[in-house]
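Chain residues, written in single-letter form:
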Amino acid sequence: MSEQKKEIIVLGAGVIGLTTAIKIQEAKGSEYNVTIIAETFPTDPRTIKYTSFWAGAQYVATRTDDLNLRRMERETFDVVWAMSEPGSGVAEGCLLRCTDYAYLPAEEQYADGKDYPTAFMPDFRQLPSNELVPGSVQGFACTAITFDIPRYLPYLLGRFTSGGGSIVRGTVGHIQQVLEGGASIFASPHSSRKPTPPDAVILCVGLGARTLGGIEDQDVVPIRGQTVLLRAPWVNVMPTLRDLKDGANPPYVIPRKGGDVIVGGTFHFNDWYPIPRPEITEHILARGLKLCPDLAPPEIRAEREPTVDDLRPLIKDVGVGFRPYRHGGVRVGVEWMDSSPLKDRVKKVPVVFNYGHGGNGYQASWGSAQIALEYLEGALTDPK
Ligand SMILES: Cc1cc2nc3c(=O)[nH]c(=O)nc-3n(C[C@H](O)[C@H](O)[C@H](O)COP(=O)(O)OP(=O)(O)OC[C@H]3O[C@@H](n4cnc5c(N)ncnc54)[C@H](O)[C@@H]3O)c2cc1C
């Protein structure tokens, strides 16, 4: 690699873009200048166009045959476990270690409990029948991690910028705009940067991959998720009932470090409705309370059986997000693209893909960023 720093553009500032940008920046120190271009950043008002605002989000290893995803999640665990170590630094304030309880109904039963995907996680155990909840026939517990989104995303952004990374706001209509002009054509008009093709572009646009010109990946579709955010700092368990029969509305509870709790949820494929449906909110609250009576304030539980009405004063928000699912799995890889349709301006630029993480973006983030970095380094050491 030459002495001159390589100009790397990361397109997208969701959890995937931020994590990938940090991974590149920190991997090779001064060899890369990394700039993030995005329409939405973590400190902006929340919008349906930015999925990362709306996640739970938990780290609980996924039950999947997708080896790529398994590698990403396994590597992410090691990173976030270290980040959540008590006394380890700022990141610890964004991450909560808590006990996950996965309850499985008969049709979801797992043949060999010892092989359950969370078996590598701390304190893993199969639950005895007297610890199961109604509707389940099998269950597993382990110590898992949750991300406090309003803290974690700004933490990632701050880590990137304080490490020397640049950010530029821009809505990219076609990938060629970035390939030919780099970040400067989206920067302020007072920028002194001359438009030049970057050395590489990393594409972390989530659901945006479906519409971004030059990419238009129709395998990317939303899985709509609706959730309720409660203020319930007394909750420190994370139960999920994997009951997928009921219109894809499995109940789950995710406590966050700051004392808020996400109650979900829904998994509706190709459902683009961007605001909460009131009847689903009721359904989420009722099933959440049944699964986890601890959602109600302790003083109420001490006196009587809680009802959904006891949860209403705790509601801070009702949210909807579109998980960027991709048929065929997360797209990670590299393709060389022409920077311009004009022959006298054309240059081949490597475009590394890192999008389509569906409901796993947080828990796959660091492993996925590592794979993207490997593709980037491979491309830069073997230029076209
Ligand atoms: C209800 C719900 C619960 C979830 N729970 C979990 C969980 O428990 N654990 C977990 O791991 N995951 C969870 N997820 C999934 C997780 O939120 C996503 O996988 C993740 O946020 C995807 O991140 P991303 O960076 O790919 O996309 P996004 O967060 O959508 O970011 C995309 C970025 O690209 C930018 N962009 C897109 N197109 C363009 C363009 N043309 N020009 C400029 N910028 C562009 C956007 O502005 C944005 O900055 C959940 C999701 C939902 C909705």
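Fair warning: this is a prediction, and the values are worked out from it, not measured in the lab.

S.K.: Help me out: how do you make sense of the packing of aromatic side chains in this one?
M.R.: The description of an aromatic ring pair rests on the distance of the ring centres and on the angle between the ring planes. Enumeration according to the criterion identifies 15 aromatic pairs in this entry. Note on Phe77 and Phe120: the rings are 5.3 Å apart at their centroids and 90° apart in plane angle, and the pair reads as edge-to-face. Of this pair, Phe77 sits in helix α2 (residues 67-83) while Phe120 sits in the loop between β4 (95-104) and β5 (125-126); the two residues are 43 residues apart in sequence, bridging distant segments of the chain. On the accessibility criterion, Phe77 (6% relative accessible area) is buried. Look at Phe120 and you get partly exposed, because its relative accessible area is 31%.

S.K.: Could you clarify how one ought to interpret the sheet that holds strand β7 (residues 166-169) in this entry?
M.R.: Two pairing modes exist for strands in a sheet, parallel and antiparallel, and in both the strands are linked by backbone hydrogen bonds. Taken in spatial order, the six strands line up as β7-β2-β1-β8-β16-β15 in an open sheet, and their pairing is mixed. The sheet terminates laterally at β7 and β15 (331-338), the two strands that pair on one side only. Pairs of neighbouring strands in the sheet enclose a mean axial angle of 20°, with direction left out of account. Across four bridges, the pairing between strand β1 (residues 6-11) and strand β8 (residues 200-203) is parallel. Paired with Leu11 across the strands is Leu203, a residue of β8.

S.K.: Please clarify how the nonpolar core should be interpreted in this entry.
M.R.: Core analysis: the largest hydrophobic core is formed by 56 residues, its most contacted members being Ile24, Ile36, Phe147, Tyr152 and Leu376. When residues in this core are grouped by element, the largest group, seven residues, is from helix α3 (residues 149-162). If near-sequence neighbours (up to four positions away) are discounted, Leu376 is found in contact with Ile8, Ile24, Tyr32, Ala200, Ile202 and Val352. Counting residues in hydrophobic clusters, the runner-up holds 26 residues, among them Val133, Val228, Val253 and Val263.

S.K.: Whenever I open this one, the site of the ligand confuses me. Can you help?
M.R.: The ligand sits among 38 residues. The nearest are Ser52, Gln58, Val172, Gly358 and Gln363. Here an oxygen atom of the ligand sits 2.9 Å away from a polar atom, N or O, in the main chain of Ala13. For the ligand, an oxygen atom lies 2.8 Å from a polar atom in the backbone of Gln363. In isolation the ligand exposes 1000 Å². Once the protein is present, 95% of that is buried. Residue assignment for the shell around the ligand shows that the elements contributing at least two residues are α1 (15-27), β9 (220-231), β14 (315-326) and α7 (361-381).

Conventions we followed
- Residues numbered from 1 in each chain as written.
- Predicted model: local features only at pLDDT ≥ 70, side-chain atom pairs only at ≥ 80, totals over all residues.
- Heavy atoms only, no water.
- Phe/Tyr/Trp six-rings, centres within 6.5 Å; stacked < 30°, edge-to-face > 60°.
- Helix = DSSP H or I, 4+ residues; strand = E, 2+ residues; numbered from the N terminus.
- Buried < 20%, exposed > 50% of the residue type's maximum accessible area, 1.4 Å probe, protein only.
- Pairing = 2+ DSSP bridges.
- Axes fitted to C-alpha atoms, helices over the stretch in contact; angles between N-to-C directions.
- Core = buried A, V, L, I, M, F, W, Y, C linked by side-chain atoms within 4.5 Å.
- Contact = heavy atoms within 4.5 Å.
- Near = heavy atom within 4 Å.
- Polar contact = N/O pair within 3.5 Å; in protein donor to acceptor, adjacent residues only side chain to side chain.
- Areas by Shrake-Rupley, 256 points an atom, 1.4 Å probe, with all protein chains shown as cover.

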